[in-house]
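# Chains, contacts and geometry: an overview
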Amino acid sequence: MEVSPRFQVEDFSGHNMKMLLILFLMIICSHISVSQDSGPKYADVVFLVDSSDRLGSRSFPFVKMFITKMINSLPIEADKYRVALAQYSDKLHSEFHLSTFKGRSPMLNHLKKNFGFIGGSLQIGKALQEAHRTYFSATTNGRDKKQFPPILVVLASSESEDDVEKASKALQKDGVKIISVGVQKASEENLKAMATSQFHFNLRTVRDLSMFSQNMTQIIKDVAKYKEGAVDDIFVEACQGPSMADVVFLLDMSINGSDENLDYLKGFLGESVSALDIKENCMRIGLVAYSNETKVINSLSMGINKSEVLQHIQNLSPRTGKAYTGAAIKKLRKEVFSARNGSRKNQGVPQIAVLVTHRDSEDNVTKAAVNLRREGVTIFTLGIKGASDTQLEKIASHPAEQYVSKLKTFADLAAHNQTFLKKLRNQITHTVSVFSERTETLKSGCVDTEEADIYLLIDGSGSTQATDFHEMKIFLSEVVGMFNIAPHKVRVGAVQYADSWDLEFEINKYSNKQDLGKAIENIRQLGGNTNTGAALNFTLSLLQKAKKQRGNKVPCHLVVLTNGMSKDSILEPANRLREEHIRVYAIGIKEANQTQLREIAGEEKRVYYVHDFDALKDIRNQVVQEICAEEACKEMKADIMFLVDSSGSIGPENFSKMKTFMKNLVSKSQIGPDRVQIGVVQFSDINKEEFQLNRFMSQSDISNAIDQMAHIGQTTLTGSALSFVSQYFSPTKGSRPSVRKFLILITDGEAQDIVKEPAVALRQEGVIIYSVGVFGSNVTQLEEISGRPEMVFYVENFDILQRIEDDLVFGICSPREECKRIEVLDVVFVIDSSGSIDYDEYNIMKDFMIDIVRKADVGMNRVRFGALKYADDPEVLFYLDNFGTKPEVISVLQTDQAMGGNTYTAEALGFSDHMFTEARGSRLNKGVPQVLIVITDGDSHDADKLNATAKALRDKGILVLAVGIADANPVELLAMAGSSDKYFFVETFGGLKGIISDVTASVCNSSKVDCEIDKVDLVFLMDGSTSIQQTDFKKMKEFLVSVVQDFDVSPNRVRIGAAQFSDAYRPEFPLGTFIGAKEISIQIENITQIFGNTHIGAALRKVEHYFRPDMGSRINTGTPQVLLVLTDGQSQDEVAQAAEALRRRGIDIYSVGIGDVDDQQLMQITGTAEKKLTVHNFDELKKVNKRIVRNICTTGGESNCFMDVVVGFDVSTQEKGQTLLEGQPWMETYLQDILRAISSLNGVSCEVGTETQVSVAFQVTNAMEKYSPKFEIYSENILNSLKDITVKGPSFLNANLLDSLWDTFQNKSAARGKVVLLFSDGLDDDAEKLEQKSDELRKEGLNALITVALDGPADSSDLADLPYIEFGKGFEYRTQLSIGMRDLGSRLSKQLVNIAERTCCCLFCKCIGGDGTMGDPGPPGKRGPPGFKGSEGYLGEEGIAGERGAPGPVGEQGTKGCYGTKGPKGNRGLNGQEGEAGESGIDGLNGEQGDYGLPGRKGEKGDEGSQGSPGKRGIPGDHGAKGLRGDPGTPGVDNSIEGPTGLKGERGREGRRGWPGPPGTPGSRRRTAAHGRRGHTGPQGIAGIPGPDGLEGSLGLKGPQGPRGEAGVKGEKGGVGSKGPQGPPGPGGEAGNQGHLGSQGNKGEPGDLGEKGAVGFPGPRGLQGDDGSPGYGSVGRKGAKISIVLALP
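Read on for an overview of the structure. It should be emphasised that the depicted structure is a prediction, and the values quoted were computed from it without experimental measurement. (Residues numbered from 1 in each chain as written. Predicted model: local features only at pLDDT ≥ 70, side-chain atom pairs only at ≥ 80, totals over all residues. Heavy atoms only, no water.)

### Description of helix α36 (residues 1096-1103)
Within the span of α36, buried status applies to I1096, G1097, A1099, L1100 and V1103. Along the long axis of α36, the arc covered by the buried residues comes to 160°, so they all point the same way. Where α36 is buried, its residues contact β31 (1016-1023), β32 (1054-1061), β33 (1065-1069), β34 (1121-1127), α37 (1136-1144) and α38 (1159-1166). (Buried < 20%, exposed > 50% of the residue type's maximum accessible area, 1.4 Å probe, protein only. Helix = DSSP H or I, 4+ residues; strand = E, 2+ residues; numbered from the N terminus. Arc of directions from axis to C-beta. Contact = heavy atoms within 4.5 Å.)

Okay, structure coming up:
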């Protein structure tokens, strides 16, 4: 930057001078920030290692190994890293300088021969001074410090005998960055004094250096880029390795015997904690001790300082009492893994509990463990001596062999430490990276299962708890969610059984994934005994029916879930199922009999067993993989090389197990020259070929050859072996072109050479590498070899290898492809059918096209195909809209024959233009991409026209792919395709097989994703930091443009916004600003990069404003809200809380990490591993385009709000023998549309991005044969169950009918909203009686009773009385719905939304705007007249209803009319003054709702009911105070913890729903809508006064008559009928106070445990001792000791 010297300072005022200085500083600061992210890549590194007597000669070999690993891991070259080494004690001993060696080999030789222990006292300060002079003076360094920063790594084992601070500062002043690493008894103070910023690390033992070396390379990179005093930069330290987790140790501290066992336990904990990266944003550690009582030693919020945690471990002391492990686990769940005490589970951080015990528990552990695991906590159990194996397995996560460890003695803990740490880190990696990616691979493989029929058979017996049954439904939903559900694809049906069976839904009922998921969730448990045999027989008949429907050509599967032994025989029905070739998968839970499971499945591999229902999620992928494997592996084709570690660390026994593993993989492969070929190479320090790929062509020959392998021994040079094996993927060694190539590395040791470069070279050649390592191997190296964590199988020992066989085989059968299926596309083949192509060649061309068709998801709404052939003239084979299934398209192509003649390609292309029109099936105008594939073998006779003809097609938006064979002219191919990447050429027809994958990839990438959601608000948040090159920033924009192209961008469908961030934030354009994909794409292309550092957290906080209604967001209407974050690095500020705040608002966050990113931080942004993905570089972004779009298209969490609607019919004109629908045209005309309108409710405030799920059941009380209602999800055939019902006469709207409707709700739980929708032609009983019955139902828990008036001969006064039995309609209580209303469905939908707001969100009032848009459909209404033609008479009647409807739009006026008629009934003369009353009526609205609550008497009753409500009020806090009593010892924290327990009482909220219940009593409604207020004044005379308000004035007049009523008993009835329900919320509040008591009760249970626990805690303070009189004194003493520890924080 240049500054002109001609500034005349005197010309500036003081103010202007300040402005100039500020501007100057801003320029400087921005320049500094711009350069930060792109810091130096390499450095000069000097290792200064302790060789003093404090370290000791025995420990020195670990230091030597550490230096060896560091030299191996750094790219040491003249223009990259340079390394120097010195050791020190009381003086410095230089080993070699920075310029001594140019590469790693001579360094390693020096270490091997010359690097020995020297001994002496420890003087770090002196060593630093000498190192400064020796290595960091200007004369010795010699490289630019900005480009190659000098770094000093100091290793110390104890406290220095001299001062270190002065020497350290001198080094740092000279620009040297210091990393300090302590082992053994190193001084934390020394380490901090030496280190640059936070780069100081303290390990417990010198052995930990080996593990720490894996992190050291990254630490060196971080410190090289680190700059002191960065402007506005809050540096968030990276976690070293897989270290982001909340880990709690639960310790059984009643250790009998010597103190030696306690020391072993402390040693184990100390070593483990020392090896972990404990920081606030990385690993947090909790410690909980228990025996008969449980005490939290260290909460997660306190477990962020390693030194303090280690001190707590040293202070552990034995406890007396028996082991109550169940109670301890319960406390763990309630108090330790809670956000208020430091748990980060809401931020996506893995939650892990480690139980260490040596004896049986005295209480039940199963339920407590299940509840903890359901909270998302992974449990490891470590049993010593007498611990119960059964209990350990029931506590631990699934599978037991992975999470349960058993040791004989406490002394074995030391040897188990490294295994435990690897298990722990492996679990974190599995959660953060591996599981979600393997699930994606599985989904990709299941795409090959295009057609299948699957029935689910679900045990609904009484032995299954409600939560367990819900877990089963979640499991089944996730299983079927892996498949492509459609009528001609995968179909799913369900049967539930107990004593008998119940068909939940047939296999052809639901035709998409969303409805199917809802239907599974809707299944209601039967209860009863377990008769599995009868259920199998019934399901067999359903499967036989399904097979016939599809011509016995589709595979059939039956998935059986059971949790108990069948009471009847299952062997015979199971055999019949197998005879029908139905694959049965038997899944047993808890008490299921494993012998019966084997009988059901028939094969061991299809039997699954878990200890409890929460473990079902852990076997989901296994079950799905077994179902999908048949199709995925049907045509298995691959070249597989085994690279087998044969070094000395593998003994004969393990070598034999490894060979068995290989032979098992061979047995599961289809060996043959056209299928799978296998070769084997062994390695140690040498490489040995066992056999090449094409040597053996049978499983037996390969297995025999593997048996003959001899063990080599020696060391492990994996890198050399990777280079050696690369030659075996060439044709000279038997490899085949165009066949996928796999390398399976099996090793148990750490490579002693570089592995990354040779592995990258192999992968770049297209070799897919799977690494299989046991715990002796280095998992970091394995990830470098395979390239991605999910490609690594890291197991504890060779015995577990068999568990991964199926995963490996499936990965080979179906490696993940980002574009596995062509989803939405129009494709036209233009086929050269000239005489130069013979019969066989033409067949090869047809096979080529059929292969493309097989890759597509053919269907009228998915991929459409058309085809024409040509020679002298073109001829159409079929148009785009001719065929809707894959077999039809393939059949026509297969039967086609060549025409013969000359080749007129241009004419054919011109002729094809008409095939891309809407009349011929093209969806070009609907945004569906168009592709033309022309296949030709020679020069065109009209080549001069090719260019113009093809360009006209391309200009129309059609992608032209040209495939040339043999004599085809490449110039012509280029003219047709328009660019070189869109044409393909092969020398022979046989060569078409070699390019099929490239052509299908081009076609697939051009297709759109089939989006499951219609609407979404999508915001892109782009990283514009300096670390991104401008060319890469352009690639990021191109990626976003490609994402936009996959969506239907419009104001009512998909809205898109964008913002950019670095350390600054810049909004680019908000949601809805630009309309259309093209306009959005232009705006994205025009975005300019802002540069700077990477502050994702700040950007997340600022982008929140995009998701507000005033910024174009539709968040309040239920539209899914999605944020897509793209970044290439780690954020330099904290991201977790900002991301969590967005997710709490209902915003789904997806992240794409490019290059060197932190997977753990990305997961904190998204909250779950499933919503993040990473790519190695910006070029790979185009590979994940489809996956990102597909993820966004499935956005929307599971609904937490459920509504059950019972539909009833009251038709007094029906006659005996008629069908229900006979003479009721409105049912077929309107009912289907009404049910469709209410089937999905959007816009419920607490359900952002999800639909409230509505289930419907019909109740027919006048059916000839008893009708069994069943709740079901809406489908187009939902009315089928009503079609054949015969009635025994008219139905009557009386109390019995209302009772029948209420009894239809099997589940009376307040967890689901309950609504009765009654279609009626008028009351058939005394109105007051019906009002009273209605009020009873409201009190019992019915949320709403809504009537729809039917037209007919009924007395108009009967219809006018319908509103008096209604409730739950809110402000719409005066509006009578009628069947003729044009917008009846919309009105009902709105009322259900309001009911959902009350029942699910506790929101009692919601204003909804008018349906302006609903008016537009008016024109469609005109189509109604044609309907009249169908039956004019009926339509005439409906016309009358329509007249009534006309006032309907006016709405209130119509209602007033109703009141008018009602007035006469009351003999109160209403009409004259109703107009005025109308105004008061508005007040009356509020009044009515208030009235219901006011009646004092009923309010009291409400109090009684209120006990349920209490919990809701959150008054639990007050209860917390009471908890203080129990507090007796430790912190108020415990009390606050108990407070939360009260929160669980929130289910009481459902009690709130009950509020309405108490209020509504009888007749008052009939008399006046506003009598409620009268209730305020007094039940009798005063009630009359409110009359005016309720009746909207007219009744008010008769208010005076109210006093007259005093004499009559009716006044009292009025009191009884007071409509308190709606208004009573006030009284409800009082009830809430009573709730206090209720909450205390809830706490009481935990309280008891708590008090006992409290006694334990008291130790620290002694106060607690008071509560437990027996141990008071002793507790006090302990309190003193612990209080000192607690003072440290």
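### Re the state of the cysteines
One pass over the full model with this rule turns up six disulfides. There is a disulfide in this structure between C446 and C628, and the S-S distance comes to 1.9 Å. Because the torsion about its S-S bond is 105°, the bridge between C446 and C628 counts as right-handed. Within this pair, whereas C446 is found in helix α15 (residues 413-446), its partner C628 is found in helix α21 (residues 616-632), the two being separated by 182 residues in sequence. C628 shares its class with C446; the two are buried. You can see C1402 has no disulfide; the closest cysteine sulfur is in C1401, sitting 7.7 Å from it. Owing to a relative accessible area of 17%, C1402 belongs among the buried residues under this scheme. (Disulfide = S-S within 2.5 Å.)

### Let's talk about the environment of I958
One can find I958 in strand β29 (residues 958-965). Separated by 28 residues in sequence, I958 and Q930 have C-alpha atoms that sit 4.9 Å apart. If sequence neighbours within four positions are ignored, I958 has contacts with F916, Q930, V931, L932 and L953.

### A word on the nonpolar core
Formed by 45 residues in total, the largest nonpolar core has its most connected members in V1207, F1209, L1235, F1258, L1282 and F1319. Looking at which element gives the most residues to this core, the answer is helix α45 (residues 1384-1401), with seven residues. In this structure, V273, A275, I313 and L392 belong to the second largest nonpolar core, which totals 44 residues. (Core = buried A, V, L, I, M, F, W, Y, C linked by side-chain atoms within 4.5 Å.)

### Digging into the sheet that holds strand β2 (residues 82-88)
Spatially, six strands are ordered β3-β2-β1-β4-β5-β6 in an open sheet, and the strand pairing comes out mixed. Two strands bound the open sheet, and with one partner strand each, they are β3 (92-96) and β6 (200-202). Between one strand and the next, the sheet's axes are offset by a mean angle of 20°, whatever the strand orientation. Across the sheet, helix α3 (residues 104-114) touches β2 and β3, and the angle it forms with β3 is around 135°. (Pairing = 2+ DSSP bridges. Axes fitted to C-alpha atoms, helices over the stretch in contact; angles between N-to-C directions.)

### A short note on unusual backbone geometry
Going from H398 to P399, the amide bond is cis rather than trans, its omega being 0°. For P399, the location among the structural elements is in the loop between α13 (389-395) and α14 (400-403). In the Ramachandran plot, N552 falls in the positive-phi region, its phi being about 55° despite a non-glycine side chain. Of note, N552 is situated in the loop between α18 (532-549) and β16 (556-562).

### Section: the pattern of salt bridges
The full count for this structure, using the stated rule, is 77 salt bridges. The residue K1333 makes a salt bridge to E1336 at a minimum N-O spacing of 3.1 Å. Of the two residues, K1333 and E1336 are both situated in helix α43 (residues 1327-1340); the distance of three residues between them amounts to about one turn of the helix. For K1333, a relative accessible area of 13% gives the class buried. Several salt bridges converge on common partners, so that one network encompasses D448, E450, K820, R821 and K886. (Salt bridge = Lys/Arg side-chain N within 4 Å of Asp/Glu carboxyl O.)

### Some thoughts on the packing of helix α31 (residues 946-955) against helix α32 (residues 970-977)
Two elements in contact, α31 and α32, have axes whose closest approach is 7 Å; the angle formed by their N-to-C orientations is 30°. As summarised for this structure, α31 and α32 are arranged roughly parallel, according to the angle between their axes. Contacts between α31 and α32 involve L946, N947, A950 and R954 from the former and E972, A975, M976 and A977 from the latter. Here the residues of the contact of α31 with α32 sort into five nonpolar, one polar and two charged. (Parallel < 35°, antiparallel > 145°, perpendicular 65-115°, else oblique. Nonpolar A, V, L, I, M, F, W, Y, C, P; charged D, E, K, R; others polar.)

### As for the packing of helix α28 (residues 839-854) against helix α33 (residues 992-1006)
Taken N-terminus to C-terminus, the directions of α28 and α33 make an angle of 30°; their axes are 10 Å apart at the nearest point. On the basis of their axis angle, the class for α28 and α33 is roughly parallel. Here α28 runs over α33; the crossing is right-handed. Across the interface between the two elements, I844, M845, F848, D851 and I852 from α28 touch L992, I995, I996, V999 and T1000 from α33. (Left-handed = near helix turned anticlockwise from the far one by under 90°.)

### Considerations on the pairing of strand β14 (residues 490-497)
Of all eight residues making up β14, eight are buried, and the element is well covered by its neighbours. In β14, alternate side chains face the same way, and those of V490, V492, A494 and Q496 on one face and R491, G493, V495 and Y497 on the other are all buried. Both strand β13 (residues 452-459) and β14 contribute to a ladder of eight bridges, which runs parallel. Bridge assignment links D459 to a residue of β14, and that residue is Y497. Viewed along the sheet, the connection from β13 through helix α16 (residues 466-480) into β14 turns out right-handed. (Right-handed = clockwise from strand over helix to strand, strands pointing away.)

### Points about the packing of aromatic side chains
Across all of its chains, the model carries 25 aromatic pairs by this definition. Seen from their ring centres, F829 and F865 are 5.7 Å apart, and the 10° between their planes marks the pair as stacked. With a gap of 36 residues between them, F829 in strand β25 (residues 825-832) and F865 in strand β26 (residues 863-870) connect regions that are remote in the sequence. Accessibility assignment for this pair places F829 and F865 in one class, buried. Feature note: the residues F1209, W1226, F1258 and F1319 constitute an aromatic cluster, connected by ring pairs. For R143, the ring lying beneath its charged end belongs to F148, and the centroid distance is 3.8 Å. R920 extends its terminal NZ or CZ atom over the ring of Y879, reaching a point 4.2 Å from the ring centre. (Phe/Tyr/Trp six-rings, centres within 6.5 Å; stacked < 30°, edge-to-face > 60°. Lys NZ or Arg CZ within 6 Å of the ring centre and 35° of its normal.)

### Structural notes on the pairing of strand β41 (residues 1313-1320)
For β41, the buried fraction is high: eight of the eight residues fall into the buried class. Across eight bridges, the pairing between strand β37 (residues 1202-1210) and β41 is parallel. Considered in β41, the bridge of D1204 is made with K1314. Of the pairings in the sheet, the one linking β41 to strand β42 (residues 1344-1349) comprises six bridges and is parallel in character. Within β42, the position partnered with L1317 by the bridge is I1346. In this view, the connection linking β41 to its parallel neighbour β42 by way of α43 has right-handed handedness.

### Considerations on the sheet that holds β32
Ordered in space as β33-β32-β31-β34-β35-β36, the six strands form an open sheet in which the pairing is mixed. The open sheet has two edge strands, β33 and β36 (1172-1175), and neither has a second partner. The average undirected angle you get between the axes of adjacent strands in this sheet is 20°. Where β31 lies against β32, eight bridges are found, and the strand directions are parallel. Directly across from F1020, in β32, lies its bridge partner A1058.

### Regarding the environment of A1058
Structurally, A1058 is set in strand β32. For A1058, a relative accessible area of 0% puts it in the buried group. Once residues lying within four places of it in the same chain are set aside, the contact partners of A1058 are F1020, P1067, E1068, F1069, I1087 and Y1106.

### With respect to the environment of K545
Looking at the element boundaries, K545 is found in helix α18. Residue K545 is classed as partly exposed on the basis of its relative accessible area, which comes to 40%. Considered as a pair, K545 and I507 are 38 residues apart in the sequence and their alpha carbons are 9.7 Å apart. Polar side-chain contacts of K545 include one of 3.0 Å to the side chain of E506. (Polar contact = N/O pair within 3.5 Å; in protein donor to acceptor, adjacent residues only side chain to side chain.)

### Examining a positive patch on the surface
Residues K41, K221, K225 and K756 make up a contiguous surface patch of positive charge. One can find K225 in helix α8 (residues 208-225). (Patch = residues over 30% accessible without salt bridge, like charges linked within 9 Å, V, L, I, M, F, W, Y side chains within 5 Å. Areas by Shrake-Rupley, 256 points an atom, 1.4 Å probe, with all protein chains shown as cover. Lys, Arg positive; Asp, Glu negative; His and termini not counted. Charge placed at Lys NZ, Arg CZ, Asp CG, Glu CD.)

### Thoughts on helix α23 (residues 699-707)
Taken as a whole, α23 has its buried residues at I702, S703, A705 and I706. Buried residues of α23, viewed axially, fall in a sector of 160°; they line one side. Here the buried face of α23 lies against α22 (652-667), β20 (676-683) and β21 (687-691).

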